[in-house]
Amino acid sequence: MSESSMLCHLCKHAAIPDLDGARTTSFFGVYDGHGGANVAKYCAEKVHTELLLDEGYPNDLGNALGRVFSRIDVQLKEYDEWRVLANPPSNQSAKLSPDSCLCSGSP
C-alpha cells in the first residue's frame, strides 16, 4: 500500500452544508489522521459542534476556530470520550497515547 493510500485510509471528513440552520454558513473539514484514524474520526464529529458553541461564532471565526482547536486538544489529552467514540467497547484493539494526539490547524 502506498503512503498516500495509507494516509487516505486514516483521513476523515465533515461536510455540513448548513452549519447553523441559517443557510449562511457551511462547514467542510478534512482531518488527515496524523494522530491516528481514531483522532481524525473524533475531530470530524466534534470540531464543527464545538464551533457552534464558541462565543465568537459567527462574527469572529478566526479566533473561534483557534479556541476550538485548543479545546479539542484538551479533550484529547484529558478525557477518554474520543476513545469511546472512535473505538466502541466491542473493539479495544487500537490503543493511542493522548500525548501524541493533537488536533491543530490555522484559521
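J.: Explain the pairing of strand β2 (residues 27-31) here, please?
T.: When a strand is regular, its side chains alternate between the sheet's two faces. Residues Phe-27, Gly-29 and Tyr-31 line the buried face of β2, whereas the alternating positions Phe-28 and Val-30 sit on a face that is not buried. Alignment of strand β1 (residues 12-16) against β2, held across 5 bridges, turns out to be antiparallel. Note on β2: the bridge partner recorded for Ala-15 is Phe-28.

J.: Looking at this model, I keep getting lost on the pattern of salt bridges. Mind explaining?
T.: Between side chains of opposite charge, pairing is possible as soon as their charged atoms come close. One pass over the full model with this rule turns up 3 salt bridges. With a shortest N-O distance of 2.7 Å, Asp-54 and Arg-67 are connected by a salt bridge. You can see Asp-54 sitting in the loop between α2 (37-53) and α3 (61-78) and its partner Arg-67 sitting in helix α3, a full 13 residues away along the chain. Overall, the relative accessible area of 29% leaves Arg-67 in the partly exposed class. Close ionic contact of Asp-54 with Arg-71 constitutes a salt bridge, the shortest N to O distance being 3.1 Å.

Reading the values: rules and limits
Residues numbered from 1 in each chain as written. Predicted model: local features only at pLDDT ≥ 70, side-chain atom pairs only at ≥ 80, totals over all residues. Heavy atoms only, no water. Buried < 20%, exposed > 50% of the residue type's maximum accessible area, 1.4 Å probe, protein only. Helix = DSSP H or I, 4+ residues; strand = E, 2+ residues; numbered from the N terminus. Pairing = 2+ DSSP bridges. Salt bridge = Lys/Arg side-chain N within 4 Å of Asp/Glu carboxyl O.

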